[in-house]
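Working through the structure, step by step
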Amino acid sequence: MSNARFNLSALAVRERSITLFLIILISITGILSFFALGRAEDPPFTVKQMTIITAWPGATAQEMQDQVAEPLEKRLQELKWYDRTETYTRPGMAFTMLSLQDSTPPSQVQEEFYQARKKLGDEAKNLPAGVIGPMVNDEFSDVTFSLFALKAKGEPQRLLARDAESLRQRLLHVPGVKKVNIIGEQNERIFVSFSHNRLATLGISPQDIFSALNNQNALTPAGSIDTQGPQVFIRLDGAFNKLEQIRNTPVVVNGRTLLLSDIATVERGYEDPATFLIRNQGEPALLLGIIMRQGWNGLELGKSLDAEVNRINAAMPLGMTLTKVTD
């Protein structure tokens, strides 16, 4: 009876050539698999939640709940893997968090988020006039792999932002880069400053200035002309594209026509106070945040980024630098 049993050890000793071949094959496969493993400080994980933000300036918290948040919640309840929604409202704004069931397969999460976006988009047409959104975010789980600081002493913020956008497009072509976020960009603004005392003396109200700017900067369809060949569109070009055009805006009051520059100061600047400011080694800067593709080797991505940044710095003008902040 004992002779009929299958003896793996005896078979391995008897077929030494096959055993040696299998040992070598398994060893080579293990070594190759080890060097091909994805490496990341923060491994990816599936987040089964998404956030929805809606705004309605002037509305009360109760109006936001009854007329905005509740219709959106009812549409989200139609999802296959729906678990719950939690909504926080305040005057003019509603914040809703959608949670999928814990048993939701990770492969189905993105499809559920896509269906949620579709349903929210369909319901947005039925919301009251003046509602902004819904604005959906389902990518807040991205982990920044590396940060680079872009600095240029004396260069205006708006020009630095354009340079950052150019570098962003270049870094996206590095193998293993999923996304590049520009952090610390200040929104540009046009400031129209005037004195209320001077306006009162001239008999001009601030509303007259606002109306003149809105009427001049309006985009109005002017129709088109059908010809035997192409269709020719008529365009009324009155939109502002230069600071001087804003200064030369006519303001008509009581039969008199004045230029905006005669009664107000028009200057280019940035939002004040700034929402987010970045400084690197005491100098103003913008940050480029690199997000790695899922399953990619972080060591290889780090080497590729270092090589690309060296090439970028070699071609940069004097005074502009791209330096690594975190790795």
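The structure this text deals with has already been given above.
Predicted, not measured: the structure shown is a model, and the values here were computed from it. (Residues numbered from 1 in each chain as written. Predicted model: local features only at pLDDT ≥ 70, side-chain atom pairs only at ≥ 80, totals over all residues. Heavy atoms only, no water.)

Neighbouring strands of a sheet are bound in pairs by backbone hydrogen bonds; such pairs are parallel or else antiparallel. The strand order across the open sheet formed by four strands is 6-15-5-16, and the pairing between neighbours is antiparallel. Each of the sheet's edge strands pairs with one partner strand only, and the pair in question is strand 6 (177-183) and strand 16 (320-326). With strand direction ignored, the average angle separating the axes of adjacent strands in the sheet is 25°. Here strand 5 (residues 144-152) runs beside strand 16; their pairing, made up of six bridges, is antiparallel. Residue lysine 151 lies in a different strand from strand 16, and its bridge partner there is threonine 321. On top of the sheet, helix 10 (residues 298-315) reaches strand 5, strand 6, strand 15 (286-292) and strand 16; it is set at about 10° to strand 5, its chief contact. (Pairing = 2+ DSSP bridges. Helix = DSSP H or I, 4+ residues; strand = E, 2+ residues; numbered from the N terminus. Axes fitted to C-alpha atoms, helices over the stretch in contact; angles between N-to-C directions. Contact = heavy atoms within 4.5 Å.)

The subject of this paragraph is the sheet that holds strand 1 (residues 49-55). Taken in spatial order, the four strands line up as 2-3-1-4 in an open sheet, and their pairing is antiparallel. Single-partner strands in this sheet number two, and they are strand 2 (82-90) and strand 4 (132-137). Strand after strand, the sheet turns through a mean of 15° between neighbouring axes, direction not considered. Two strands pair when backbone bridges link them, and strand 1 and strand 4 are joined in this way by four bridges, in the antiparallel orientation.

Attention now goes to the nonpolar core. Core analysis: the largest hydrophobic core is formed by 23 residues, its most contacted members being Leu150, Leu171, Leu305 and Leu322. When residues in this core are grouped by element, the largest group, five residues, is from helix 5 (residues 157-171). The residues touching leucine 305, leaving out its near neighbours within four places in the chain, are Phe145, Ser146, Phe148, Leu171, Val174, Val177 and Ile290. Among the nonpolar cores identified, the runner-up in size contains 20 residues, and Trp56, Leu98, Leu100 and Ala116 belong to it. (Core = buried A, V, L, I, M, F, W, Y, C linked by side-chain atoms within 4.5 Å. Buried < 20%, exposed > 50% of the residue type's maximum accessible area, 1.4 Å probe, protein only.)

The next point concerns the packing of helix 5 against helix 10. Helix 10 packs onto helix 5 with a crossing angle of 140° between their chain directions and a minimal axis gap of 11 Å. Considering their axes alone, helix 5 and helix 10 lie oblique with respect to each other. In the packing of helix 5 onto helix 10, the handedness of the crossing is right-handed. Contacts between helix 5 and helix 10 pair Leu167, Arg170 and Leu171 from the former with Leu305, Glu308, Arg311 and Ile312 from the latter. Taken together, the residues that form the contact of helix 5 with helix 10 break down as four nonpolar, no polar and three charged. (Parallel < 35°, antiparallel > 145°, perpendicular 65-115°, else oblique. Left-handed = near helix turned anticlockwise from the far one by under 90°. Nonpolar A, V, L, I, M, F, W, Y, C, P; charged D, E, K, R; others polar.)

What follows deals with unusual backbone geometry. Of note, the bond from glycine 133 into proline 134 is cis; its omega dihedral lies within 30 degrees of zero at 5°. As for its placement among the helices and strands, proline 134 is situated in strand 4. We note that glutamine 281 has phi near 55°; this positive angle belongs to a residue other than glycine. Looking at the element boundaries, glutamine 281 is found in the loop between strand 13 (279-280) and strand 14 (283-284).

The geometry of helix 3 (residues 61-76) relative to helix 4 (residues 106-124) is characterised by a closest axis approach of 9 Å and an angle of 140° between their N-to-C directions. Between helix 3 and helix 4, the interaxial angle falls into the category oblique. When you trace helix 3 past helix 4, the crossing you get is right-handed. Across the interface between the two elements, Pro71, Leu72, Arg75 and Leu76 from helix 3 touch Ala116, Lys119, Leu120, Asp122 and Glu123 from helix 4. Classifying every residue of the contact of helix 3 with helix 4 by side-chain character gives five nonpolar, no polar and four charged.

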